[in-house]
Amino acid sequence: MAAAVAAGSSDVEFIRARSDKRAYRRVVLPNALEVLLISDPETDKAAACMEVEVGSFSDPEGLEGLAHFLEHMLFYASEKYPGEHEYTKYITENGGTWNAYTCSETTNFYFDVNVDNFEEALDRFAQSFIKPLMSQDAVLREIKAVDSEHKKNLLSDVWRMEQLQKHLASKDHPYHKFSTGSWETLETKPKERALDIRHELLKLYDNYSANLMHLVVYGKESLDCIQVLVERLFSDVKNTEQRSFKCPSNPLSEEHLQLLVKALPIEEGDYLRIIWPITPSIQFYKESPCRYLSHLIGHEGEGSIFHIIKELGWAMNLMAGEGTDSTEYSFFEISMRLTDAGHEHMEDIVGLIFQYLLLLKQDGVQEWIFNELVAINETGFHYQDKVRPIRYVTGIVSSMRLFPPEEWLVGSAFPSKYAPERINMILNQLSPERVRIFWESKKFEGFTTSAEPWYNTLYSVENINPSVIQQWIQKAPTEKLHLPEPNIFIPTDLSLKKVHEKVTFPTVLRKTPLSRLWYKPDLLFSTPKVHMIIDFHCPLSSHSPEAIICIDLFVDLLVDYLNAYAYDAEIAGLYYSIYLTSVGFQVSLGGYNDKMRVLLNAILKQIASFEVKPNRFSALKETSVKDYQNFNFSQPHSQASYYVSLILEEKKWPLPEKLEALSKLESDSLAKFLPDLLSKTFLECYIQGNIEPSEAESIAQEIEDTIFNSPNTMFKSMSPSQYLTKRVIMLENELKCYYQIEGLNQKNENSSVIQYIQVHQDDASSNIKLQLFSLIASQPAFNQLRTVEQLGYITSLSLRSDCGVRALQVLIQSTVKDPSYLDARVDEFFKMFERKVHELSDEDFKRNVKSLIDSKLEKFKNLWEESDFYWGEIAAGTLKFDRVESEVALLRELKKEEFIAFFDQYIKLDAPQRRTISVQVFSSNNHSAEFKKAVAETDPPKTYRITDIFGFKRSRPLYSSLKGGPGRITMD
């Protein structure tokens, strides 16, 4: 934007969703900062997002990661608010969240907060762009945080393969760079060059000019009030007339095309990516050529690339589309996960893809397909669900840079101009002459010739000229490729059903020995959508590792069988998922109610007439085995969390036992076991949304009839005595249990600790006190353990609930210290924080209570948030549909002395009812000596070392189940 633009607001006729009742205004401040104001009188959260046109492409030569480092540093402190982390502390204490991220050409900063605290939060936010303080001490500490973040990613295949693609690009293009930053790039190398990194940081910050910024502000007040606030707070952001960074248009020269790159991944699993550089479709966003092409190339119905290679047993998934965060260049990518057979047929797969591209050219661009996409996307835009303000502002801010003001709200959401020549232009760019193929497999071990410098990814490169690809095309299977049929799931009836009885909470509409139906009409959102859940409670399905594995594969096979048919439903805004639960499996459907029953009927029939297809069983088993093996390569904090669950949950089977059971399972065994595992079933159904009670009852009857009365069905009724619930062990008062183990990936330098403090079973009075402590302590814990002590990038204090048993959890992942040391520092934090709790002023106590009340009273934004809450109560067996109201009433009466007494009783270090587990995962690469020392040490008083998890679990009593009991609806 030109700096000479006049300050003030302009009347823009925004293209907006028909359902959108918010008010909008475009404002340009005297300093050329362009702002979108959003007024929503119904909101209980306010939010803001600033996008700055300075990203990692602006990193000076030899200072890789400086822009990302600046993103970390900007909100440390400001001249007006000099206390470290004043901004994040204020937001966290007032029901908010905050974050930031760095892209190639931009950096984004955003937050939300309770509406009553918006002005002060926004002032703190603004001051970071006006006069931030970047102290030398903070600089050194935050370099360690950036380095810890980088080390977390070192063994991530996603990061490694992305950097490999960048590495194989023109060295003089910024795309080639490493952008995260590390100790080496921000401390060691700058020192060798006698550079002052803080000085370089401030130099880069000088590019943060108001004329390169776009701001979205979302509040409850009127547009006039929000405008006055924004003008007062942001007019002092300096405008130094900077120019936005413009990179060269193409990062790939001819030497980087016609390549086959074979790369060695960390994890099990073969992946294939076919990539072409293309003209960015943002330049033709109304024509949307890539949307049309990705719809067809990524289609999963009959006649598609994926359907054929899946039927041949070569691939498990396929995605296609454009990907870039630059306006100057772009890539079109087709990616898939290969099976072992697919690895052997890589050339056939690539040949098949080029055959399909040839088919698209021969058949020509189809206007009916384009019109179908227009209809789907237009309906999706006008009936979009309201989302949380923080998500809304981050989604819109980039549109301000890319589109004219009247299109900020719609962006490129749906195409509006049919231009076959544009589609053909991109299609012609997807040629053998321009292709790059990246192929990842453990089978390449010992056959690579090079190493990417930042992540040390091993790879080799071969040239593949168009004549080679022509040979692949000729030998690939051809006969079944064709364009998709018209989509039968596009909704035509979007009318709203009349609600005759205004039901506040879900009610039981129908109950039989086979099923129970909970129902709630939509009273809040006036949207033609519905959410259905069918929970299959199968008590025999979880009694052993073998049983769990069988049900898991049953679910995977169901989804696999339904994929080709149900893919059109997903495109048309009708979603479904089938997933494993602790005692069976669950089917969830959501979207437009118009064609919901068509999809539901197909799912039910597939379940009732299920049979094991040996060829699909083999492909899914192979993938599942690799997924289990890949747990060894997961982050240490994920491994620690798994061990906590394994210790706590009564019937959680260890991964090695499940992997062993899976390895031995064959298709005929699965077919034999399933009828027994599903022979006892009860259906818990939940239907909420734009649907009348009579139709809901009709659906429940249909579900019951199809599942239990279809010919050859495996499902039989279950007696009430067989109802199975999952329970959690009760830890011992004043005892700290340790579980110490080495990490499963010997190359990972990270260790992790989780200190779990078990407090109580679901109870309103105890819930609010624990939640209040978490609210008060989470930011100080983060500040002390991550910022001050620099123990690790991943650090948090949070709440945890296992089957209704509430707890606190402190998590740290670190390369710098071993888990025993980390655990001691967590203890020290609680010791230090004890004084702060006891010295809590009345004013601070009341402010935190109000913040928690405000967060609890936050309204549901959409049908899915509301139904998830109510289903959560049903699934847990608590049925506290008025939970928010009852807990808020208790909070209003809560006295500070009661809160402190609760802390002294359950949480403080020597509390009489403190019950603790410390799970410690030691890096076998980095902290092996510390592990040997830790396991050899004598246990201190009031501690217990867990060496046999299952023996320990058998020795402990269990919490009662929340399902059933006085005053609760039970099955019988």
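This one's a predicted model, so the numbers in the text were calculated from it and none came from an experiment.

### Looking at the sheet that holds strand 17 (residues 507-511)
If you walk across this open sheet you meet the six strands as 17-18-22-19-21-20, and the pairing is mixed. Here the strands that pair on one side only, and so sit at the sheet edges, are strand 17 and strand 20 (574-581). With strand direction ignored, the average angle separating the axes of adjacent strands in the sheet is 15°. Summarising the sheet, strand 19 (residues 529-537) and strand 21 (residues 584-592) pair through nine bridges and their orientation is antiparallel. Opposite V530, over in strand 21, you have G591 as the bridge partner. Sheet strands in contact with helix 27 (residues 863-876) are strand 18 (515-521), strand 19, strand 21 and strand 22 (682-689), and its direction is about 150° off that of strand 22.

### Quick word on the UniProt feature "domain: Coenzyme PQQ synthesis protein F-like C-terminal lobe" (unreviewed entry) in the protein
In the numbering used here, UniProt assigns the feature "domain: Coenzyme PQQ synthesis protein F-like C-terminal lobe" (unreviewed entry) to residues 774-871. Between the first and last C-alpha atoms of residues 774-871 the distance is 25 Å; the span itself is 60% helix and 19% strand.

### So, unusual backbone geometry
Positive phi, normally seen in glycine, also occurs at E241, with a value near 55°. By the element assignment, E241 lies in the loop between helix 8 (223-234) and strand 10 (259-263). A positive phi is found at E734, a non-glycine position, where the angle reads about 60°. In this structure, E734 sits in the loop between helix 23 (693-709) and strand 23 (735-742).

### Description of the pairing of strand 24 (residues 751-761)
Of all eleven residues making up strand 24, eleven are buried, and the element is well covered by its neighbours. Where strand 24 lies against strand 26 (residues 805-814), ten bridges are found, and the strand directions are antiparallel. Note that in strand 26 the partner of Q758 across the bridge is A807.

### Considering the domain arrangement of the protein
Taken as a whole, the protein is organised into domain 1 (22-235), domain 2 (254-389 + 406-475), domain 3 (507-709) and domain 4 (728-959). Between domain 1 and domain 2, the contact holds 38 residues from the first and 31 residues from the second. Seen at the junction of domain 1 and domain 2, the total is two salt bridges. A salt bridge links K386 to E42; its shortest N-O distance comes to 3.7 Å. Where domain 1 packs against domain 2, one counts nine residue pairs in polar contact (both at pLDDT 80 or more). Put simply, the parts of the chain that give the side of domain 1 that touches domain 2 at least two residues each are strand 2 (23-28), strand 3 (34-39), strand 4 (45-52), helix 4 (136-153), helix 5 (157-167) and helix 6 (183-192). Residue contributions to the side of domain 1 that touches domain 2 peak at eight residues, all from helix 5.

### As for the packing of helix 2 (residues 86-93) against helix 24 (residues 764-788)
Relative to each other, helix 2 and helix 24 sit at 165°, their axes nearing to 9 Å. In terms of axis orientation, helix 2 runs roughly antiparallel to helix 24. Regarding helix 2 and helix 24, the two cross each other, and that crossing is right-handed. Residue-level inspection shows T88, K89, T92 and E93 of helix 2 in contact with helix 24, the latter providing L775, S778 and Q779. Considering only residue class, the contact of helix 2 with helix 24 consists of one nonpolar, four polar and two charged.

### Some points on the nonpolar core
Ranked by size, the top nonpolar core spans 95 residues in total, and within it F536, F554, F585 and I607 carry the most contacts. The element best represented in this core is helix 17 (residues 545-571), accounting for 15 residues. Once residues lying within four places of it in the same chain are set aside, the contact partners of I607 are F536, F554, L558, F585, V587, I707 and F715.

### So, the packing of aromatic side chains
Centre distance and the angle of the planes are the two values used to describe a pair of aromatic rings. This structure, assessed with the given rule, holds 57 aromatic pairs. Aromatic side chains F111 and F118 sit 6.1 Å apart centroid to centroid with 40° between the ring planes, which places their arrangement in the tilted category. Classification of F118 as buried rests on a relative accessible area of 2%. Taken together, the ring pairs connect F75, Y87, F109, F111, F118, F125, F129, Y205, Y208 and F234 into an aromatic cluster. A cation over a ring is seen here: R22 above Y392, with NZ or CZ 4.1 Å from the ring centre. When the ring centre of Y821 is taken as reference, the NZ or CZ atom of K817 above it lies at 4.7 Å.

### Notes on the packing of helix 12 (residues 346-363) against helix 16 (residues 466-475)
Orientation of helix 12 relative to helix 16, taken along the N-to-C sense of each, is 90°, at an axis distance of 7 Å. With respect to helix 16, the element helix 12 is oriented roughly perpendicular. Two secondary-structure elements touch here, helix 12 through M346, E347, D348, V350, G351, F354 and Q355 and helix 16 through I469, W472, I473 and K475. Taken together, the residues of the contact of helix 12 with helix 16 sort by class into six nonpolar, two polar and three charged.

### Here's the deal with the UniProt feature "domain: Peptidase M16 N-terminal" (unreviewed entry) in the protein
The UniProt record annotates "domain: Peptidase M16 N-terminal" (unreviewed entry) at residues 35-169. Within the segment residues 35-169, helix and strand shares are 43% and 23% respectively, and the terminal C-alpha atoms sit 36 Å apart.

### Focus on empty space enclosed by the protein
Applying the stated criterion to the full structure yields four cavities of 30 Å³ or more. Computed from the structure, the largest cavity encloses a volume of approximately 50 Å³. Lining the largest cavity are Y292, L293, L296, L360, D363, G364, V365, I423, L427 and L483. Residue assignment for the lining of the largest cavity shows that the elements contributing at least two residues are helix 9 (289-297), helix 12 and helix 15 (420-429). By residue number, the principal contributor to the lining of the largest cavity is helix 9, which donates three residues. The residue inventory of the lining of the largest cavity, partitioned by class, reads eight nonpolar, one polar and one charged.

What counts, and at which threshold
- Residues numbered from 1 in each chain as written.
- Predicted model: local features only at pLDDT ≥ 70, side-chain atom pairs only at ≥ 80, totals over all residues.
- Heavy atoms only, no water.
- Pairing = 2+ DSSP bridges.
- Helix = DSSP H or I, 4+ residues; strand = E, 2+ residues; numbered from the N terminus.
- Axes fitted to C-alpha atoms, helices over the stretch in contact; angles between N-to-C directions.
- Contact = heavy atoms within 4.5 Å.
- UniProt positions renumbered as here; feature names shortened; annotations may be inferred.
- Buried < 20%, exposed > 50% of the residue type's maximum accessible area, 1.4 Å probe, protein only.
- Domains from an automatic or database assignment.
- Salt bridge = Lys/Arg side-chain N within 4 Å of Asp/Glu carboxyl O.
- Polar contact = N/O pair within 3.5 Å; in protein donor to acceptor, adjacent residues only side chain to side chain.
- Parallel < 35°, antiparallel > 145°, perpendicular 65-115°, else oblique.
- Left-handed = near helix turned anticlockwise from the far one by under 90°.
- Nonpolar A, V, L, I, M, F, W, Y, C, P; charged D, E, K, R; others polar.
- Core = buried A, V, L, I, M, F, W, Y, C linked by side-chain atoms within 4.5 Å.
- Phe/Tyr/Trp six-rings, centres within 6.5 Å; stacked < 30°, edge-to-face > 60°.
- Lys NZ or Arg CZ within 6 Å of the ring centre and 35° of its normal.
- 1 Å grid on protein atoms, 1.4 Å probe; cavity = no way out; pocket = protein on both sides within 12 Å on 5 of 7 lines; lining within 4 Å.
- Points joined across faces, edges and corners; volume = space filled by probe spheres on them.

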